[in-house]
There are 2 protein chains.
Amino acid sequence: MSGLLGRHEFQIDAKGRVSLPSAFRRAVSAHPLVLLQWQPTHLDLFPRETWNEIRKNLLAHRKAQRDGGAYLRGITSNSFEIEPDTHGRIRIPGWLRERAGLEDTVLFVGALDRIELWRPDRFEAHLCEREGDDDDFAVQIFG
Amino acid sequence: MSGLLGRHEFQIDAKGRVSLPSAFRRAVSAHPLVLLQWQPTHLDLFPRETWNEIRKNLLAHRKAQRDGGAYLRGITSNSFEIEPDTHGRIRIPGWLRERAGLEDTVLFVGALDRIELWRPDRFEAHLCEREGDDDDFAVQIFG
DNA sequence: ATTCATCCCATCGTATCCCATTGAATCCCA
DNA sequence: TGGGATTCAATGGGATACGATGGGATGAAT
């Protein structure tokens, strides 16, 4: 598989449901997903494999630090397990929608091992803002 | 399973009962849970698996330290076995409620292998207070 | 006898399931 | 290669099941 790619804009209906892009739906098969916020700009939706890795990292971090799991709880309290319905739709809980500024439209952005959920205009702004910042890396990456 | 996730705010009724969030109820199946306080800010509710691990650690500590028994008894004396009723509700003993400042509302916070019980306003304050402290860890954990 | 916990039943609101509709992309065959 | 038929994806709405909460009744303990 090539990883999760592309952008797809979908509507949130009156009951708070959104379709997962069908391309992503096939890719993540039937397992539940984890939706959370760890960056202020958007939400991340993790397939099972990726989440297992991250969960391991979170637990290791809690053991290593002295703060009694403060970072972990900051993350998990903003997390939610997502199980698509029979039509491949998901529900985003209100408190997460607010945090990401999602109103009636969601932009799904594929990011190889995860799916990002953006407020469309915010995503455009984010791209513009960084325009040209990374030209040095480009050559290293694409040779 | 993805671990215990999310935040859920529930009322304590006139008889001192609170519903366990249904998401958590399913996750911990039918086994009894252990509720205790080991951090001043909140209470922790441990599923069977997690508690077995912790109990092992407590006993090991008592054996290893000269006055290890003191720590153990400090913990166990603030502990309580919880068994949800037929509707999935639990009762929090008064002395534990006081210690965590719980009055009429409980905020349940999922923390992967345990459930934390917070006084809602205290939790908000706790999150704000740490805002931005951990930005360095974020990249290590989430890649 | 009085207090308190447990059980049972009732209610209300919301999330979930199921079916229907629309439109677009794909397939098939001439 | 064009045009019609067919499948699939995205969305909407009604019905149903389940979750959250309240209150009365039963039973145990002091």
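The present account deals with the structure reproduced in this document. The shown structure was predicted, so the numbers you read here are calculated from the model rather than taken from an experiment. (Residues numbered from 1 in each chain as written. Chains lettered and ligands numbered in written order. Predicted model: local features only at pLDDT ≥ 70, side-chain atom pairs only at ≥ 80, totals over all residues. Heavy atoms only, no water.)

Describing the protein's contact with DNA strand D
How we decide: Whether a residue is near a molecule or strand depends on its heavy atoms: if one lies within 4 Å, it is near. In protein, a polar contact means a hydrogen-donor-capable atom and an acceptor-capable atom, both N or O and within 3.5 Å, with residues adjacent in sequence counting only if both atoms are side-chain atoms; elsewhere, any N or O pair within 3.5 Å suffices. What counts as a helix is a DSSP run of H or I of at least four residues, what counts as a strand is a run of E of at least two, and both are numbered from the N terminus. Residues are grouped as follows: Ala, Val, Leu, Ile, Met, Phe, Trp, Tyr, Cys and Pro are nonpolar; Asp, Glu, Lys and Arg are charged; every other residue, Gly included, is polar.
Surveying the vicinity of DNA strand D reveals 24 residues, the closest of which are Lys15(A), Arg17(A), Arg25(A), Lys15(B) and Arg25(B). Of everything in DNA strand D that lies within 4 Å of the protein, sugar and phosphate atoms constitute 48%. Taking Arg25(A), its side chain carries an N or O atom lying 2.7 Å from a phosphate oxygen of DNA strand D. Within the contact set of DNA strand D, a base oxygen lies 3.0 Å away from a side-chain nitrogen or oxygen of Arg17(B). At the level of secondary structure, the elements contributing two or more residues to the surface near DNA strand D comprise β1 (7-11), β2 (17-19) and α1 (22-27) of chain A together with β1 (7-11), β2 (17-19) and α1 (22-27) of chain B. Of the residues in the surface near DNA strand D, the class split is 4 nonpolar, 8 polar and 12 charged.

So, the pairing of strand β7 (residues 105-110) of chain B
All names here are of chain B. To be explicit about the condition: Accessibility here uses a 1.4 Å probe with only protein chains present; expressed as a share of the type maximum, an area under 20% marks a residue as buried, one over 50% as exposed, and anything in between as partly exposed. Paired strands, in this sense, are two strands between which DSSP finds at least two bridges.
With 6 of 6 residues buried, β7 is to be regarded as a mostly interior element. Note that β1 and β7 share 5 bridges and pair antiparallel. Note that in β7 the partner of His8 across the bridge is Phe108. Alignment of β7 against strand β8 (residues 115-118), held across 4 bridges, turns out to be antiparallel. By the bridge assignment, Gly110 is partnered in β8 with Ile115. Connecting the antiparallel pair β7 and β8 is a turn made up of 4 residues, with Leu112 showing a positive phi of about 65°.

A look at the protein's contact with DNA strand C
Taken together, Lys15(A), Arg17(A), His87(A), Arg89(A), Arg91(A), Lys15(B), Arg17(B), His87(B), Arg89(B) and Arg91(B) make up the full set of residues adjacent to DNA strand C. The contact in question runs from a base oxygen of DNA strand C to an N or O atom on the side chain of Lys15(B), over 3.2 Å. Counting only elements with at least two residues in the surface near DNA strand C, the list comes to β6 (89-91) of chain A together with β6 (89-91) of chain B. By residue class, the composition of the surface near DNA strand C is no nonpolar, 2 polar and 8 charged.

Topic: the interface of chain A and chain B
Here is the rule we go by: Note on contacts: a residue pair is in contact if any heavy atoms of the two residues lie within 4.5 Å. When two parts are put together, the accessible area they lose, computed with a 1.4 Å probe and summed over both, is reported as buried area. When a carboxyl oxygen of Asp or Glu is within 4 Å of a side-chain nitrogen of Lys or Arg, the pair counts as a salt bridge.
Taken together, the contacts link 31 residues of chain A with 29 residues of chain B. Buried surface at the junction of chain A and chain B, both sides included, amounts to about 2400 Å², of which 62% is carbon and sulfur. On the surface where chain A and chain B come into contact, there are 3 salt bridges. For Glu116(B), the salt bridge identified is with Arg73(A), shortest N-O distance 2.5 Å. On inspection of chain A and its partner chain B, the count reaches 14 residue pairs in polar contact (both at pLDDT 80 or more). Those elements giving two or more residues to the side of chain A that touches chain B turn out to be β3 (33-39), α2 (48-64), α3 (70-76), β5 (79-82) and α4 (94-100) of chain A.

Here's the deal with the sheet that holds β1(B)
Residues and elements named next belong to chain B. Just so we agree on the cut-off: In this analysis, axes come from line fits to C-alpha atoms, helices being fitted only over the stretch in contact, and the angle between any two N-to-C directions falls in the range 0 to 180 degrees.
In space, the 6 strands of this open sheet follow the order β1-β7-β8-β4-β3-β5, with antiparallel pairing throughout. With partners counted over all chains shown, the strands left at the sheet margins are β1 and β5 (79-82), one partner each. When the angles between neighbouring strand axes are averaged without regard to direction, this sheet yields 25°. Alignment of strand β3 (residues 33-39) against strand β4 (residues 42-46), held across 4 bridges, turns out to be antiparallel. Counted as the bridge partner of Leu36 is Asp44 from β4.

Section: helix α5 (residues 120-130) of chain B
Stated formally: To obtain the arc, one takes the directions from the helix axis to the C-beta atoms.
Where α5(B) is concerned, the buried positions are Pro120(B), Phe123(B), His126(B), Leu127(B) and Arg130(B). One face of α5(B) carries all of its buried residues, which in axial projection span an arc of 120°. Where the residues of α5(B) are buried, they touch α3 of chain A together with β1, β7 and β8 of chain B. Of the residues trailing α5(B), Gly132(B) is marked for its positive phi of about 85°.

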